[in-house]
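Structural features, examined
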2 protein chains.
Amino acid sequence: MLDSSPRPPVVDTSRSPHVRLRPVPLDAVDLADDFWEPRRRINREVTLPSQYRHLEDTGRLDNFRRASGKIGGAYQGIYFNDSDVYKWLEAAAWTLAEGSDSELERMVDAAITEIEDAQRPDGYLNTYFTFERAAQRWTDFDLHEMYCAGHLFQAAVAHFRATGSERLLDVATRFADHICDSFGPEEGKRHAVDGLEEVEMALVELFRATGERRYLVGAQYCVDARGHGMLGRPYGQHEPSYSQDHAPLRDQSEVVGHAVRALYLYSGAADVYAEMGERALLQALWRLWENMTTRRMYVSGGLGSRYEGEAFGRDFELPNERAYTETCAAIASVMWNWRMLGLKGEARYADLIEHTLYNAVLPGLSLDGQHYFYQNPLADDGTHRRQPWFGCACCPPNVARLLASLPGCLYSTSEDAVWVHLYAEGAATVELDKNRTIRLSQRTRYPWDGSVEIQIEGEFALMLRIPAWCEDGAAVEVNGGPVGAQLSPGSYASLRRTWRPGDTIDMDLPMPVRRVECHPYVAENAERIALTRGPLLYFVEQIDNPGVDLRDLVLDGEEPTVRFESDLLGGMTVLQVEARPAAPDNGWEDRLYRTVRPHEGDAQTHSTRVTAVPYYAWANREPGAMRVWLRNGSP
Amino acid sequence: MLDSSPRPPVVDTSRSPHVRLRPVPLDAVDLADDFWEPRRRINREVTLPSQYRHLEDTGRLDNFRRASGKIGGAYQGIYFNDSDVYKWLEAAAWTLAEGSDSELERMVDAAITEIEDAQRPDGYLNTYFTFERAAQRWTDFDLHEMYCAGHLFQAAVAHFRATGSERLLDVATRFADHICDSFGPEEGKRHAVDGLEEVEMALVELFRATGERRYLVGAQYCVDARGHGMLGRPYGQHEPSYSQDHAPLRDQSEVVGHAVRALYLYSGAADVYAEMGERALLQALWRLWENMTTRRMYVSGGLGSRYEGEAFGRDFELPNERAYTETCAAIASVMWNWRMLGLKGEARYADLIEHTLYNAVLPGLSLDGQHYFYQNPLADDGTHRRQPWFGCACCPPNVARLLASLPGCLYSTSEDAVWVHLYAEGAATVELDKNRTIRLSQRTRYPWDGSVEIQIEGEFALMLRIPAWCEDGAAVEVNGGPVGAQLSPGSYASLRRTWRPGDTIDMDLPMPVRRVECHPYVAENAERIALTRGPLLYFVEQIDNPGVDLRDLVLDGEEPTVRFESDLLGGMTVLQVEARPAAPDNGWEDRLYRTVRPHEGDAQTHSTRVTAVPYYAWANREPGAMRVWLRNGSP
């Protein structure tokens, strides 16, 4: 009973009973902007082919060939390397949803053939657990067999939705059947789930693609089973909280442990809620979201404060240089927030998606599309640089699949309404219901300018997100006249009328430079500020500010100047602010601590102009120090 | 050619050619003070017996019985668990050096018997690498075979020096011979050293105890071999710097990697220098010491900023709540500084020994002598509590051996001089040379009071350490009259004369409360102060300050009051300071970040009296928040 309608959405909640918003198919949205579309072109033309080469060069594809007996030799790399192939396939599939590409299709088909051939007769598929390790299948649940399976399922659904092909979907359902036959609460089945959550949301999506309810039941089992101590031991070397196994999800109220694990679990649980509607699950997700966003999130939207365990920290534990903020965690946050947005249609989730995309996901990728950050610190001495690949390469294909599927995040529909979540030049053709297909276009230079012109036709409500950052008041006019709608920051403005051809909505989201302060319990940000403008977080980098130690900068209170520099790193709005360099006084050269003595304060120094650029662009030029948080010299 | 003179010093540099100071035997010093001696009594009467029970209960002694075939079953615990038995034996041996204790001797002899019986015919001894793992000996150099060997050698030397028995020394020399036969730069020998340094200083001490120069050559090899890439791979999962293997020691200038590894290496290198006198080695140690103390050390003297890798951080990376500051690292710092002090007789090393003992080692042990910290944070929410034991139990017996050997750190001699490093009530009988044995006594309430009365006899220079913390001027009188000596903080005052019976030196080290600030590049200590008095670091703990969030405290500039409370936790001087609680203003409840708006600053609140107590005493009462660094409200 496969749903064969062409190209459904990335996360297909079209028929989920407990959602407010309905997704829009990927290929219904055309981006034509100067910000995202060039990045997506690089993703298609540079990133995906180069990642495929890495999959070959590092033996990740050979592992499949080895598993099917085509080649010999040893398994190569980390035990969960299969997942990188699957994530790349998902990225490629969403890219093919935009239009055919024979070279990419050739790579995709070749990879799928290797995967097909490597699957065991019983449906099991994991190239690490073949031959010498076949007997160890399903013995250590932190070796990510279900995690890899989940990425296979997501890739298969993407490939099916993008191309209509059921080749990879057949592989996926055979493996999913094997898992659902083997694991579950029933007597006679194994009671276990993977240490690294991922299969939950994948099984729900496989249910959505195939209509097979047993996959949804399997997903629900994985969410429910965690946190009941039935696993018998902590995963690996870590505490149970590392894998969110310290308590049932419904009892949790703090985001803890490995950040990507946590966020994938929350995403899966949101998917389960969308289908099942269990209130306690949603309430837990709300509590966790509140804790995360008010106590444990970087100003970039980045998540994960600790290198050890790649984990969330305690409340207010947000070190800047040692921020872990894995790129995958930012991506997972977008995934979770997208699901929460769909459940309730609340702007705060879309606000965080926007903020995270610009300021926490994008820094993970170089402007050339071939270098990646795994960790994304908010201060650095110039030694942290992007790498072309990693032994543990989860982040690169994760960025690729997010960029490939990005157009799906711009709009949603609900009964009689079209929702605009993100702003970018381009057009969309949105099916509001069986009888109404709506054409919508945006003209804007967002994120550099907050002016957005929208043209639409039809009778329905247009729900326009007024970003939370737009604290100085948005303005919206229809055909040059005022509208009566509420325009509160952090909400959707509802504009209901019969839209006629030529109707134009002009929205203005003023983008003054904002000085942002941090909760005073975050000790190392005390008396410091970060600069933002519109949705973008800014920072200072050594190359723009030669000859000054960035640690010494004390910002003045004067209004920064704002200038668009079209030649700089693909074009960006640059800020210039007045600051005084205030180096530590004499006496600090040879010690860390000293008795406080009356002193005259920092020597008065001449003020200097400091240049700040968007944080996403850091480390794309010569290595040098950088920082987001700067000392604040104005009262 | 064993040196059978009774009870030589703990680190016996009596005949080392390249030292300035000569050590004093452990049993030449009698402590009779109210601070250390009660702790040492608890160490003897409570800590050592309880640790022996843990060695039994956790299978650490059974591992030896298993290795000798007396019992069956599996090896228990971590692969380097033998080292805990050895470290306990060393602690017990130094305790026996003070006087006999039949119960302790019984435990020591029983443990030695098990060790003797477990040694292989070829001299090899490691209970992890027996039977099923015998073939894996010396295959993975991060499994700590040499590290365990080193602790065996140190225990053996201690037991020999304390008791004159050669039982354990015979085991040690057989194993040392096996190692020196197997490893070295010569062709035909294996070229490898342990990932975890320790055998270096142990081999030097074994050379000092036995006169066997090959052990010194072996130690030199271990120091020299590191950092030449000959190991072929990073140790374990870590970068080469984790084990200080990134560069030859002589080329290093930053303390990096696992802090205990680093400090044990520096200690071993200092021992090698003491014997060999190679200038480049000493210069490297100076550079590393400068980097550590001026860039990478906590105000407590604690070392190691990172949980991941138990490692030093970058310059100025000193998070308070996530401080790792392993108790073993503080102990290792005392060991290294003791060796540096011996090389040159510079007060800065003794200053740091004192500071580290009071403020970084002691917090690792509960007042009841049976609970231990592995990590020693400088701020906490009340959840970090001492444990009775650890799976990786390096710290508990390390504290025990340090307390047991502490009297050896009070004095040294040099030609014609007696050096007083630490102040504590008690007496010593010091052999200045063959013809002169000097009787010296201290009367003092140190560390609570800086008044020290010293009585001595004989013709020689008395070198009195004027602590670096004594910034307000020390005063020294002899028989009530002034002395002409230089009394600079952080130096030794030299008082040379013919001391006659009844001669009395009165030293006064004023102990005002000091407010200490931190280098401004340590971001989270900016605008904060720590309170100290004399050698002690103070902190605030919730139990003494009910009803106030310690994060909100802003200290006033008024002079604290100082009061000795004899009933509090064994007696301690308590500080009371004026502070204003300044809670974050409204609007922070539901967010982490906000645009800076003009506001009226913290609400003016009534001032309150805050109680601060010595940091070593934290977490000995009911759980609660604590912090060392407090916001400073005075200009």
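Residues numbered from 1 in each chain as written. Chains lettered and ligands numbered in written order. Predicted model: local features only at pLDDT ≥ 70, side-chain atom pairs only at ≥ 80, totals over all residues. Heavy atoms only, no water.

1. As for the overall build of chain A
The secondary structure content of chain A amounts to 13 helices and 23 strands. Relative to its length of 635 residues, chain A is compact, with a C-alpha radius of gyration of 25 Å against a globular reference of 26 Å. The principal-axis extent of the C-alpha atoms belonging to chain A is close to 75 × 70 × 45 Å. A sequence separation of at least 24 residues applies to 68% of the contacts in chain A between residues at least 6 apart. With the model as given, the accessible surface of chain A reaches about 22,100 Å², and the carbon-plus-sulfur share is 47%. Side-chain charges of chain A comprise 66 positive and 94 negative groups, with the mean position of each set lying 2 Å from the other. (Helix = DSSP H or I, 4+ residues; strand = E, 2+ residues; numbered from the N terminus. Rg over C-alpha atoms; globule rule 2.2 N^0.38 Å. Contact = heavy atoms within 4.5 Å. Areas by Shrake-Rupley, 256 points an atom, 1.4 Å probe, with all protein chains shown as cover. Lys, Arg positive; Asp, Glu negative; His and termini not counted. Charge placed at Lys NZ, Arg CZ, Asp CG, Glu CD.)

2. Regarding the packing of helix α6 (residues 167-182) of chain A against helix α8 (residues 213-225) of chain A
Residues and elements named next belong to chain A. Put simply, α6 and α8 touch, their axes get as near as 10 Å, and they point 55° apart. Of the possible angle classes, the one that applies to α6 and α8 is oblique. Along this stretch, α6 crosses α8, giving a crossing that reads as left-handed. Residues T173, A176, D177, C180 and D181 of α6 pack against R214, Y215 and G218 of α8. Looking at the contact of α6 with α8 residue by residue, the classes come out as three nonpolar, two polar and three charged. (Axes fitted to C-alpha atoms, helices over the stretch in contact; angles between N-to-C directions. Parallel < 35°, antiparallel > 145°, perpendicular 65-115°, else oblique. Left-handed = near helix turned anticlockwise from the far one by under 90°. Nonpolar A, V, L, I, M, F, W, Y, C, P; charged D, E, K, R; others polar.)

3. What about the pattern of salt bridges?
Residues and elements named next belong to chain A. In this structure the tally under the stated criterion is 107 salt bridges over all chains. When the shortest N-O distance is used, the salt bridge between R465 and D351 registers 2.2 Å. Taken as a pair, R465 in strand β9 (residues 458-466) and D351 in helix α12 (residues 347-361) lie far apart in primary sequence, 114 residues in all. In this pair, the class of R465 matches that of D351, namely buried. (Salt bridge = Lys/Arg side-chain N within 4 Å of Asp/Glu carboxyl O. Buried < 20%, exposed > 50% of the residue type's maximum accessible area, 1.4 Å probe, protein only.)

4. Focus on the sheet that holds strand β1 (residues 22-23) of chain A
Residues and elements named next belong to chain A. Strand order in the open sheet formed by five strands is β1-β4-β5-β9-β12, and the pairing between neighbours is mixed. At either margin of the open sheet sits one strand with a lone partner, and together these are β1 and β12 (491-499). Across four bridges, the pairing between strand β5 (residues 417-420) and β9 is parallel. The residue bridging V418 from the neighbouring strand is L462, located in β9. Relative to β9, α12 is tilted by about 60°, and along the sheet it contacts β9 and β12. (Pairing = 2+ DSSP bridges.)

5. A closer look at the side chain of T573 of chain B
Tracing the sequence through the fold places T573 of chain B in strand β19 (residues 572-581). Overall, the relative accessible area of 3% leaves T573 of chain B in the buried class.

6. What about the interface of chain B and chain A?
Every contact between the two is made by 51 residues of chain B and, on the other side, 51 residues of chain A. For the interface between chain B and chain A, the tally reads 14 salt bridges. Residue R322 of chain A is joined to E317 of chain B by a salt bridge in which the shortest nitrogen-to-oxygen separation is 3.6 Å. At the boundary of chain B and chain A, one finds 32 residue pairs in polar contact (both at pLDDT 80 or more). Elements represented by at least two residues in the side of chain B that touches chain A include exactly α10 (279-295), β14 (513-518), β15 (528-533) and β20 (593-595) of chain B. It is β14 of chain B that contributes the most residues to the side of chain B that touches chain A, five residues altogether. Partitioning the side of chain B that touches chain A into residue classes produces 20 nonpolar, six polar and 25 charged. Where strand β14 (residues 513-518) of chain A lies against β20 of chain B, three bridges are found, and the strand directions are antiparallel. By the bridge assignment, C518 of chain A is partnered in β20 of chain B with Y593 of chain B. (Polar contact = N/O pair within 3.5 Å; in protein donor to acceptor, adjacent residues only side chain to side chain.)

7. Structural notes on the relation of the copies chain B and chain A
Overlay of chain B on chain A (RMSD 0.0 Å): rotation 180°, translation along the axis 0.0 Å. Taken together, these values place the two copies in the relation of a two-fold axis. It is E524 of chain B whose C-alpha, among those of chain B, lies nearest the rotation axis, at 1.8 Å. By residue overlap, the copies meet face to face through one surface: 100% of the interface positions of chain B are interface positions in chain A. (Least-squares fit on C-alpha atoms with pLDDT ≥ 70 in both.)

8. Some words on the sheet that holds strand β6 (residues 426-433) of chain A
Spatial strand order, β2-β6-β7-β8-β13-β10-β11 (chain A): seven strands in an open sheet with antiparallel pairing. The sheet is open, and its two borders are formed by β2 (29-31) and β11 (481-482) of chain A, each paired with just one other strand.

9. Observations regarding the packing of helix α5 (residues 145-163) of chain A against α6 of chain A
All names here are of chain A. As a packed pair, α5 and α6 sit with axes 8 Å apart at the nearest point and diverge in direction by 145°. Considering only the axes of α5 and α6, their crossing is left-handed. Where α5 abuts α6, its residues E145, A149, L152, F153, A155, A156, V157, H159 and F160 lie against L168, L169, V171, A172, F175, A176 and I179. Taken together, the residues that form the contact of α5 with α6 break down as 14 nonpolar, one polar and one charged.

10. Focus on the pairing of strand β10 (residues 475-478) of chain A
Residues and elements named next belong to chain A. Of the two faces of β10, the one lined by V476 and V478 is fully buried and the one lined by A475 and E477 carries no buried residue. Bridging between β10 and strand β13 (residues 504-508) involves four bridges; their strand directions are antiparallel. Within the sheet, the bridge partner assigned to A475 lies in β13 and is D508. The sheet contact formed by β10 and β11 spans two bridges and is antiparallel. Along β11, the bridge assignment pairs E477 with P482.

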